[in-house]
Amino acid sequence: MYKQELTVIVQSIIASNTVDEHVKSAKELSDFYSKISSVEHSVSNETLVKGGIALSSSGAADCVDDYLRTVFFIKGIYKALTQLCNHFPERSVNILYAGCGPYATLILPLLPLFDKSRINALLLDINAASIASVRNLLSVTGLDEYQLQLIETDATTYTKPNDFTIDLAISETMHYALTSEPQVAITQNIVSQLPPHGILIPEEITIDLAYTFFDHEPALKNAKQEVKGHKQMQPYPHHVFVDRLFTINKELFSSIIHNSKIESKFYDLPANFENHPDICIFTKIKIFNNIELKTAESYITNPYCVVSLYSINDYSGIQLMYDFSEIPKWSYNLKN
Ligand SMILES: C[S@@+](CC[C@H](N)C(=O)[O-])C[C@H]1O[C@@H](n2cnc3c(N)ncnc32)[C@H](O)[C@@H]1O
């Protein structure tokens with residue numbers, strides 16, 4: 001019964017075309033999870049790993065309510081899975097899902113759309129309560145007939161079994177501007193185990209530098225009440241794009257990142273900055289193909305202010321540094 005209900009919900013997510021439809025279908029998914037979950041999610045079981053903070057099981061459960069994030073990831077993963085199933089008609093598709101949370105939100109709803117012989121997945125989370133919750137949900141929904149292994153482990157160091165070739169790797173373990181959570185450390189580890197044909201989701205996370213007025217930039221403050229698509233938002237008119245600092249994708253780790261730091265070059269600071277006094281980081285996510293999350297469409301693509309030009313106005317240049325060796329953070333160097 002639950003499987004049928006979930007099938008209807010996920011089909012409406014995939015068919016959704018407008019922001020209202022996205023929100024409606026994601027709410028249905030959120031309500032469905034609340035209805036079938038029997039465990040109380042803890043707010044106090046956050047875990048610190050090298051590379052960032054893993055959310056508590058309650059924090060991870062709440063991610064389902066970042067509506068456009070949930071809908072666009074599910075749409076992108078559906079597309080990628082369909083492509084892989086067509087590409088490998090004779091065998092199951094191998095999925096590594098790093099950071100599944102208590103709901104396995106980005107894969108569990110899609111299972112009823114695929115025959116159980118086509119899916120073979122490893123679901124990882126460092127949080128024992130989240131793993132226990134997914135086990136319970138699989139059993140309640142009857143989806144435990146699929147080939148799924150639940151593994152309590154640190155995805156920044158996990159090594160896949162030798163006989164498991166990853167066709168699709170999924171991880172959404174990020175906060176805006178790639179601060180706080182271990183998305184980059186996890187991606188670095190997974191990419192090192194991904195074969196050339198393997199799909200990484202998200203395919204790209206782009207990080208841009210801009211001079212702007214932070215308070216006037218669109219930002220998502222309450223995803224349950226005020227979701228807007230990027231076309232409905234007023235961009236701040238005096239926003240000055242400075243440069244693309246980097247893009248997290250399959251290729252990055254074989255080129256510019258050799259340790260856990262990324263440094264930009266020095267950029268000239270504007271002499272006149274009345275209309276754009278803040279140095280900010282903007283995040284965009286290409287989930288798969290043409291499915292993207294743009295600025296302020298979700299919490300994870302909200303802008304982030306590194307520093308105000310008013311506090312550094314005696315300098316002529318700035319260099320930005322991103323460091324994910326511990327809890328990921330931004331810092332800067334100044335030049336006279
Ligand atoms: C932002 S939540 C997302 C949950 C779910 N995938 C979703 O999209 O709704 C991130 C999840 O990744 C897990 N996580 C974070 N860092 C991890 C790590 N190093 N190893 C394994 N799991 C991790 C957290 O425990 C949390 O459950």
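Because the structure is a prediction, the values reported are computed rather than measured. (Residues numbered from 1 in each chain as written. Predicted model: local features only at pLDDT ≥ 70, side-chain atom pairs only at ≥ 80, totals over all residues. Heavy atoms only, no water.)

Asker: Sorry, what's going on with the site of the ligand here?
Answerer: Near the ligand there are 24 residues, and of these Arg 69, Tyr 97, Gly 99, Asp 125 and Ala 155 occur at the shortest range. Thr 105 places a polar side-chain atom, nitrogen or oxygen, 3.4 Å from an oxygen atom of the ligand. Out of a free accessible area of 590 Å², the ligand has 100% covered by protein chains. Of the residues assigned to the shell around the ligand, the class counts are twelve nonpolar, seven polar and five charged. (Near = heavy atom within 4 Å. Polar contact = N/O pair within 3.5 Å; in protein donor to acceptor, adjacent residues only side chain to side chain. Areas by Shrake-Rupley, 256 points an atom, 1.4 Å probe, with all protein chains shown as cover. Nonpolar A, V, L, I, M, F, W, Y, C, P; charged D, E, K, R; others polar.)

Asker: How should the packing of aromatic side chains be read in this particular structure?
Answerer: The geometry of an aromatic ring pair comes down to the distance between the two centres and the angle between the two planes. Taken as a whole and assessed by the stated rule, the structure comprises eleven aromatic pairs. With a centroid separation of 5.6 Å and 40° between ring planes, the pair formed by Phe 246 and Tyr 322 is classed as tilted. With Phe 246 in strand β9 (residues 240-248) and Tyr 322 in strand β14 (residues 317-323), the pair connects residues that are 76 residues apart, well separated along the chain. Aromatic ring contacts, followed pair by pair, group Tyr 2, Phe 32, Tyr 33 and Tyr 103 into a single cluster. Over the aromatic face of Phe 88 sits the side chain of Arg 91, whose NZ or CZ is 3.9 Å from the ring centroid. (Phe/Tyr/Trp six-rings, centres within 6.5 Å; stacked < 30°, edge-to-face > 60°. Helix = DSSP H or I, 4+ residues; strand = E, 2+ residues; numbered from the N terminus. Lys NZ or Arg CZ within 6 Å of the ring centre and 35° of its normal.)

Asker: Just to check I follow, could you spell out the pattern of salt bridges for this structure?
Answerer: Two side chains with opposite charge may pair up if their charged atoms get near one another. Per the counting criterion, the structure on display carries ten salt bridges. Lys 3 is the salt-bridge partner of Glu 145, the closest N and O atoms lying 2.7 Å from each other. Within this pair, whereas Glu 145 is found in the loop between α5 (128-141) and β5 (147-152), its partner Lys 3 is found in helix α1 (residues 2-15), the two being separated by 142 residues in sequence. (Salt bridge = Lys/Arg side-chain N within 4 Å of Asp/Glu carboxyl O.)

Asker: Is there a simple way to think about the packing of helix α2 (residues 19-36) against α5 in this case?
Answerer: A pair of packed helices is captured by two measures, namely the crossing angle of their axes and the spacing between those axes. At a closest axis distance of 11 Å, the pairing of α2 and α5 adopts a crossing angle of 95°. Here α2 lies roughly perpendicular to α5, going by the angle between them. Residues Phe 32, Tyr 33 and Ile 36 of α2 lie in contact with α5, whose contacting residues are Asn 136, Leu 137, Val 140 and Thr 141. When the residues that make up the contact of α2 with α5 are grouped by side-chain class, the tally is five nonpolar, two polar and no charged. (Axes fitted to C-alpha atoms, helices over the stretch in contact; angles between N-to-C directions. Parallel < 35°, antiparallel > 145°, perpendicular 65-115°, else oblique. Contact = heavy atoms within 4.5 Å.)

Asker: Is there a simple way to think about the sheet that holds strand β15 (residues 329-335) in this case?
Answerer: Sheets are built from strands that pair by backbone hydrogen bonding, the pairs being arranged parallel or antiparallel. Ordered in space as β10-β14-β15, the three strands form an open sheet in which the pairing is antiparallel. If you trace the sheet from one side to the other, it starts and ends with β10 (261-268) and β15, each paired once. Strand-to-strand twist across the sheet, computed as the mean angle between neighbouring axes with direction ignored, equals 20°. Sheet topology note: the β14/β15 ladder contains seven bridges and is antiparallel. Looking across to β15, one finds that Tyr 322 is bridged to Trp 330. (Pairing = 2+ DSSP bridges.)

Asker: Can you help me understand the domain arrangement of the protein in this one?
Answerer: Much of the literature gives interface size as the accessible area that the parts lose upon coming together. The domains assigned to the protein are domain 1 (2-204) and domain 2 (205-335). The C-alpha-based centres of domain 1 and domain 2 are spaced at 26 Å. In this complex, domain 1 contributes 46 residues to the contact, which on the side of domain 2 involves 44 residues. Together domain 1 and domain 2 conceal approximately 3,700 Å² of surface at their shared face, both sides included; 68% is due to carbon and sulfur atoms. Three residues stand out in domain 1 for area buried against domain 2, namely Tyr 176, Glu 203 and Glu 204, and they jointly supply 18% of the buried area on that side. Counting the contacts that link domain 1 with domain 2 gives three salt bridges. With a closest N to O distance of 3.8 Å, Lys 286 and Glu 203 form a salt bridge. Our count for the domain 1 to domain 2 interface comes out at 15 residue pairs in polar contact (both at pLDDT 80 or more). Counting residues per element, the side of domain 1 that touches domain 2 draws most heavily on helix α4 (residues 67-87), at ten residues. Residue composition of the side of domain 1 that touches domain 2, grouped by class: 23 nonpolar, twelve polar and eleven charged. (Domains from an automatic or database assignment. Buried area = accessible area lost by both parts, 1.4 Å probe.)

Asker: How should the packing of α1 against α2 be read in this particular structure?
Answerer: Where α1 meets α2, the axes come as close as 8 Å, and the angle between the chain directions of the two elements is 160°. In this view, α1 runs roughly antiparallel relative to α2, as classed from their interaxial angle. Our pair here, α1 against α2, has a crossing hand that is left-handed. Of α2, the residues touching α1 (which contributes Tyr 2, Glu 5, Leu 6, Ile 9, Ser 12, Ile 13 and Ala 15) are Glu 21, Ser 25, Glu 28, Leu 29, Phe 32, Lys 35 and Ile 36. (Left-handed = near helix turned anticlockwise from the far one by under 90°.)

Asker: Can you help me understand α4 in this one?
Answerer: A turn of α-helix holds 3.6 residues, and therefore any two residues three or four places apart point the same way. Along its 21 residues, α4 runs 30 Å from first to last C-alpha, staying within 8% of the 30 Å computed at 1.5 Å per residue. The buried count for α4 comes to 15 of 21 residues, which makes it a mostly enclosed element. (Expected span 1.5 Å × (residues − 1). Buried < 20%, exposed > 50% of the residue type's maximum accessible area, 1.4 Å probe, protein only.)

Asker: Quick question: what am I supposed to make of α5 here?
Answerer: The terminal C-alpha atoms of α5, which comprises 14 residues, lie 20 Å apart, in line with the 20 Å expected from a rise of 1.5 Å per residue. Along its buried surface, α5 packs onto α1, α2, α3 (57-62), β4 (119-125) and β5. Structurally, the start of α5 carries an N-cap: the backbone nitrogen of Ala 129 is 3.0 Å from a side-chain oxygen of Asn 127. Backbone geometry just downstream of α5 places Gly 142 in the positive-phi region, at approximately 80°.

Asker: What exactly am I supposed to notice about the state of the cysteines here?
Answerer: Every disulfide links exactly two cysteines, by a covalent bond between their sulfur atoms. Per the counting criterion, the structure on display carries zero disulfides. A disulfide-free cysteine, Cys 280 has its sulfur positioned 4.2 Å from the sulfur of Cys 305, the nearest such atom. Judged by its relative accessible area of 0%, Cys 280 is buried. (Disulfide = S-S within 2.5 Å.)

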